[in-house]
Amino acid sequence: MYERLESILPGFQQPAVDNPLILIGIASAFYWFLLSQYKGQTRKLKHIPTVGSEKPFLSYLGALTFITDARKLVDAGINKWPKKMFKIPQMSEWMVIASQPAAIEELRKAPESVLSSMIATNEALQVEYTLGENVSKNTYHIPIIRAQLTRALPKFVPEVHEEIEDAFKQFIPATDDWTSVKVLDTVMKIVGRASNRVFVGAPLCRDPDYVKLNVQFAIDVIQAGTILRGFPKILRPLVNILISNVQKRIRHGLKHLGPVIQARRKEREKEGNQAERPVDLLTWLLDEAKGEEATDWYLTSRILTVNFAAIHTSSMTFTHAFYYLVTYPEYIQALREEVEEVVKEEGWSKAGLDKMHKIDSFIKESQRLHPIANIMMPRVAVNDFTFSDGTTVPRGTTVGIAIQTPHTDEKVYENPMKFDGFRFVKMKERDGAEKKFDMVSTSCESLAFGHGRHACPGRYFATCELKLMLAHTVVTYDVKLETEGARPADMWVATACIPNPNAEVLFRRRAV
């Protein structure tokens, strides 16, 4: 498993545990705990069909398949029970998978006290250990992102465009000769700069070491969370000490962010309420943080947490869409014409982005067929819960939505397995619905950002960033696959659909 993760995530490091006695002790406790855990949960979920075997030893083989490619298990379940819930094995539990509209609506409507998104997220990422107990229990940054960041987008869009333009010049210089670029690695650097222009401002957003840190932090969180989930709760604190690099990354981040935080505090003390404060996420965190959350350490941890949520998701989403662009270059001219017409009227502005309907549709269509995960909207049942189809999931069960089914529903999408970059422009024209089919809009048939009250709070900013990047790309470069043919194959780790990290694409200055 480690070798696969190393090939997909540059910077992934195998945990170093030198004492074999520790490994033997952990493995023994791990084995006996799982055996007793599976017996109990398997019995309670006996009424729900199973992908693979329910027998403890054989089910572990299925759990290993989940870690390396959950798509195989989910697809097998959908093919066998297209209209029913089923369960798939994980190392320490079963996950119940649904895909029908009624179940999606029930998950959306259920209050946090009944089907918990927070518990599911904390368990999936092991937030208590990977991001810290303060983040798992106090998510005060989420309302800031949902409200203040979204309201400030008209101010941010020109700044983010400036940052994107400069980052592309740095990482992909426009030359008359074709230049080969490893896309995913490069896109992560560009997204890191663009996102941090809004999070902490310039010049820190341009510091290569700071951007690299944020990319590496996300890898460390994924690494630690993946490993910790395989162990019983009683052993997780010990295992976390042995494997985690997160505290080291926060100390590293403090070297960059500490001086900035302290300078801003001094400015506030000097000028009081009359001070003209920078408009960015760090300012809003300083405004809202209370108690220990206002310390340099915890503010640094919070900034790294937001970067974790932003950089990899946006980088993978853009790269998926970009691979479609180079696979179907016939879309490039129409996209260029739209961008140039809009920029001529509105400039690089939020109002202009709102008029780039083809750019929006192209990315949304990529999200439909290549979302960054094939299971979304995870929830943990706080108490026993019965769905409208009669399926009961006992307390503590994780339920998720297999989004392949709603995303390829023939009743909603004509010829659903075909990529149609302007599909959502056509749907807007057909239905006369201006906003319903935008990237930021979620529904039972469009779940790339989740759906309902727990939908991605940063999707409004992410959409602006992604549209700016694609718009800049089509008006600045000619692009083509290094090896012409099929779209670069995706790679899978658990439920994550990762755009090929090794694929290289050729760039040159746009020929006029």
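A. Layout of the environment of His370. By the secondary structure assignment, His370 is in the loop between helix H18 (357-369) and strand S5 (375-381). Apart from residues no more than four positions distant in its own chain, His370 is found in contact with His320, Tyr324, Arg487, Asp490 and Cys497. Separated by 2.7 Å, the side chains of His370 and Tyr324 make a polar contact.

B. Representation of the pairing of strand S8 (residues 398-402) within the structure. Extensive coverage of S8 is indicated by the burial of five of its five residues. Of the strand pairs in this sheet, S5 and S8 are connected by four bridges, and their pairing is antiparallel. Within S8, the position partnered with Met376 by the bridge is Ile401.

C. Region of the structure containing the side chain of Arg379. With respect to the secondary-structure elements, Arg379 resides in strand S5. There is no salt bridge for the buried Arg379, and the closest opposite charge comes from Glu112, which lies 5.9 Å off by N-O distance. Those residues in contact with Arg379 that lie beyond four places of it in its chain are Leu107, Leu115, Ser116, Ser117, Ala120, Thr397, Thr398, Val399, His451 and His454.

D. Looking closely at unusual backbone geometry. Residue Pro203 is bonded to the preceding Ala202 through a cis peptide linkage, with omega at 5 degrees. You can see Pro203 is positioned in the loop between helix H10 (183-199) and helix H11 (208-228). For Met377, which is not glycine, the phi dihedral falls at a positive 55 degrees. For Asn415, which is not glycine, the phi dihedral falls at a positive 45 degrees. Positionally, Asn415 belongs in the loop between helix H19 (404-407) and helix H20 (423-431). Take Asn415: its relative accessible area is 47%, and that puts it in the partly exposed class.

E. Highlighting the environment of Pro329. Structurally, Pro329 can be placed in the loop between helix H15 (296-327) and helix H16 (332-346). On the basis of relative accessible area, Pro329 is assigned to the partly exposed category, the value being 43%. For the pair Pro329 and Leu481, spaced 152 residues apart in the sequence, the C-alpha separation amounts to 9.8 Å.

F. Looking closely at the packing of aromatic side chains. Going through the model one piece at a time under the given rule, you end up with 16 aromatic pairs. With a centroid separation of 5.6 Å and 5 degrees between ring planes, the pair formed by Tyr328 and Phe419 is classed as stacked. Within this pair, whereas Tyr328 is found in the loop between H15 and H16, its partner Phe419 is found in the loop between H19 and H20, the two being separated by 91 residues in sequence. Its relative accessible area of 31% is what places Tyr328 among the partly exposed residues. Taken together, the ring pairs connect Tyr324, Tyr328, Tyr331, Phe362, Phe419 and Phe422 into an aromatic cluster. Against the face of Trp94 rests Lys87, its NZ or CZ located 5.4 Å from the ring centre. Sitting over the face of the ring of Phe422, Lys358 holds its NZ or CZ atom 5.4 Å from the ring centroid.

Scoring rules and cut-offs
Residues numbered from 1 in each chain as written. Predicted model: local features only at pLDDT ≥ 70, side-chain atom pairs only at ≥ 80, totals over all residues. Heavy atoms only, no water. Helix = DSSP H or I, 4+ residues; strand = E, 2+ residues; numbered from the N terminus. Contact = heavy atoms within 4.5 Å. Polar contact = N/O pair within 3.5 Å; in protein donor to acceptor, adjacent residues only side chain to side chain. Buried < 20%, exposed > 50% of the residue type's maximum accessible area, 1.4 Å probe, protein only. Pairing = 2+ DSSP bridges. Lys, Arg positive; Asp, Glu negative; His and termini not counted. Salt bridge = Lys/Arg side-chain N within 4 Å of Asp/Glu carboxyl O. Phe/Tyr/Trp six-rings, centres within 6.5 Å; stacked < 30°, edge-to-face > 60°. Lys NZ or Arg CZ within 6 Å of the ring centre and 35° of its normal.

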